[in-house]
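Here are the chains, one letter per residue:
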Amino acid sequence: MLVFIIRRLNLFFFTMLLLTMLTFSLSFLFPGDHLVNLSGQINATPQQLEQLKLAYKSEEGLLQQYFAYLAHLLEGDLGISMASQTPITSEILSLLPATIELSLFALFLAMFVGIPLGFVAAVNHRKAADNIILSIAMLGYSVPVFWLGLLAILVFSIQLGWFPSAGQLSLVYEIEHVTGIQFIDILLSDSVYKWQAFRDASAHIVLPACVVATAPATIFIRLARSSMLAVLETHYIKAARAKGLTFRQIIFRHAVRNALLQIIRHIGLQFANLVTIAMVTEVIFSWPGIGRWLIESIYQRDYTGIQSGLLVLSTFIFIVHILTDFIYAALNPLAREHNHGTS
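Conventions and cut-offs
Residues numbered from 1 in each chain as written. Predicted model: local features only at pLDDT ≥ 70, side-chain atom pairs only at ≥ 80, totals over all residues. Heavy atoms only, no water. UniProt positions renumbered as here; feature names shortened; annotations may be inferred. Axes fitted to C-alpha atoms, helices over the stretch in contact; angles between N-to-C directions. Helix = DSSP H or I, 4+ residues; strand = E, 2+ residues; numbered from the N terminus. Parallel < 35°, antiparallel > 145°, perpendicular 65-115°, else oblique. Left-handed = near helix turned anticlockwise from the far one by under 90°. Contact = heavy atoms within 4.5 Å. Nonpolar A, V, L, I, M, F, W, Y, C, P; charged D, E, K, R; others polar. Phe/Tyr/Trp six-rings, centres within 6.5 Å; stacked < 30°, edge-to-face > 60°. Buried < 20%, exposed > 50% of the residue type's maximum accessible area, 1.4 Å probe, protein only. Lys, Arg positive; Asp, Glu negative; His and termini not counted. Salt bridge = Lys/Arg side-chain N within 4 Å of Asp/Glu carboxyl O. Expected span 1.5 Å × (residues − 1).

An unreviewed UniProt entry annotates the protein chain as ABC transporter permease of Thalassomonas viridans. Check the Sequence similarities (unreviewed entry) section of the UniProt entry for the protein chain; it says "Belongs to the binding-protein-dependent transport system permease family. OppBC subfamily."

The structure is reproduced here in structure tokens:
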């Protein structure tokens with residue numbers, strides 16, 4: 001297990017090195033002076049420009065400039081936003097928790113809906129239930145996210161009035177910002193309207209989370225179906241049948257647990273797809289997350305914000321990949337042995 005952890009950490013640091021190289025190179029590819037693109041100080045005085053040149057070593061070689069850029073990143077200095085002229089680090093720290101909250105809620109929703117439906121489809125292989133579930137999965141994956149979001153607002157917010165159409169929490173509730181994750185901040189709050197605010201936050205997250213979860217849920221359906229079908233063809237399942245176990249006992253005692261192991265391997269990949277969908281959904285539902293902020297930075301040509309946003313989002317997604325690998329290795333010892341054997 002130790003070798004497995006070391007390998008994953010080495011992969012993490014190597015990937016982070018490549019990401020920083022990419023974001024550093026973007027400062028030369030964007031229009032304007034690369035020093036301004038890195039720092040975001042578009043109205044710097046001549047004295048400030050000289051200080052920036054010394055700080056980022058812009059008059060030295062590319063390698064020295066890159067190491068200076070890394071030093072700023074390690075200090076938590078991502079520059080200032082060209083649009084708002086405020087530190088990008090503080091903006092990201094205030095917005096990223098909302099994206100994490102929406103993404104995790106949507107991920108659990110997609111797994112809660114998609115995996116059981118996939119198992120049902122596999123158990124009823126080539127029957128009516130299997131065909132219906134696969135048709136729904138294909139339809140759900142084909143629907144554009146922006147169209148689905150607008151349709152959800154039109155039907156459930158405007159016509160039926162069941163859910164709010166925008167925002168994270170109604171303005172009538174004043175919740176102190178502690179962690180940035182709305183539900184945790186509400187539970188930590190001393191407000192007498194805590195539970196009303198909790199219900200209001202739950203109502204706000206339902207529509208965007210369902211829209212974000214739609215496409216990943218359809219993928220989980222197909223993953224769970226194929227994983228269960230593969231498990232049902234294994235020798236130990238055939239041995240369980242030969243011992244006289246009922247079909248229900250085989251499914252719930254043996255097949256489900258082993259099929260879930262194969263699905264866990266793909267959660268990290270689906271999370272990357274989910275965060276991409278969440279960026280568009282945040283714009284549609286005015287969700288105060290980093291995805292919406294990054295898209296606004298693109299519209300405003302905030303090059304410093306674009307570089308920092310891409311770096312932070314990519315790092316966040318890759319951390320989820322690493323955690324998924326650790327969970328899979330902890331649940332499946334064969335994965336650890338396989339990785340050890342390839343060294």
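Having seen the model, we can carry on.
(A) How the structure looks around the packing of helix α12 (residues 267-284) against helix α14 (residues 303-331). In the contact formed by α12 and α14, the axes pass within 8 Å of each other and the chain directions differ by 155°. When the axes of α12 and α14 are compared, the pair comes out roughly antiparallel. In this structure, α12 crosses over α14, and the sense of that crossing is right-handed. Between α12 and α14, the residues in contact are Ile267, Gly268, Leu269, Phe271, Ala272, Val275 and Met279 and Leu313, Phe316, Ile317, Val320, His321 and Thr324, respectively. A breakdown of the residues in the contact of α12 with α14 according to their chemical character gives 10 nonpolar, three polar and no charged.

(B) Representation of the packing of aromatic side chains. For the coordinates displayed, the defined rule picks out eight aromatic pairs. Arranged with centres 5.9 Å apart and planes meeting at 40°, the rings of phenylalanine 156 and tryptophan 162 form a pair that is tilted. Centre to centre, the rings of phenylalanine 183 and phenylalanine 198 are 5.2 Å apart; their planes meet at 65°, and the pair counts as edge-to-face. Here phenylalanine 198 lies in helix α9 (residues 194-232) and phenylalanine 183 lies in helix α8 (residues 182-188), a separation of 15 residues in the sequence. Given the relative accessible area of 15%, phenylalanine 183 is considered buried. The partly exposed category is assigned to phenylalanine 198, whose relative accessible area is 25%. Members of the aromatic cluster, each reached through a chain of ring pairs, are Phe24, Phe28, Tyr66, Phe67 and Tyr69.

(C) How the structure looks around the side chain of glutamate 91. Among the secondary structure elements, glutamate 91 is positioned in helix α5 (residues 88-123). This buried residue, glutamate 91, is left without a salt bridge; arginine 292 holds the nearest opposite charge, at 12 Å.

(D) Here's a closer look at α12. If you check α12, its first and last C-alpha atoms are 25 Å apart, about what 18 residues at 1.5 Å a residue would give, namely 26 Å. Every buried residue of α12 is listed here: Ile267, Gly268, Gln270, Phe271, Leu274, Val275, Ile277, Ala278, Met279, Thr281, Glu282 and Ile284. In the core, the buried residues of α12 are packed alongside α5, α7 (145-159), α9, α11 (247-264), α13 (290-299) and α14.

(E) Layout of the pattern of salt bridges. A complete count under the given rule lists three salt bridges for this structure. Taking the shortest distance from any N to any O, the salt bridge between lysine 53 and glutamate 50 comes out at 4.0 Å. Of this pair, lysine 53 and glutamate 50 both sit in helix α3 (residues 46-56), three residues apart, roughly one helical turn.

(F) Looking closely at the side chain of serine 189. For serine 189, the location among the structural elements is in the loop between α8 and α9. According to the relative accessible area criterion, serine 189 is buried, its value standing at 11%. Beyond its immediate stretch of four places on either side in the chain, serine 189 contacts Ile175 and Lys194.

(G) Expanded view of unusual backbone geometry. In this structure, glutamine 85 takes a positive phi of about 55° despite not being glycine. By secondary structure assignment, the location of glutamine 85 is in the loop between α4 (62-74) and α5. In this structure glutamine 85 comes out as partly exposed when scored by relative accessible area, which is 34%. Residue arginine 126 is not a glycine yet carries a positive backbone phi of 65°. The topology assignment puts arginine 126 in the loop between α5 and α6 (128-142).

(H) Local environment of the environment of phenylalanine 12. Along the polypeptide, phenylalanine 12 turns up in helix α1 (residues 2-29). Sequence separation of phenylalanine 12 and glutamine 41 is 29 residues, and the distance between their C-alpha atoms is 31 Å. Among all residues touching phenylalanine 12, those that are not within four sequence positions of it are Phe318, Ile319 and Ile322.

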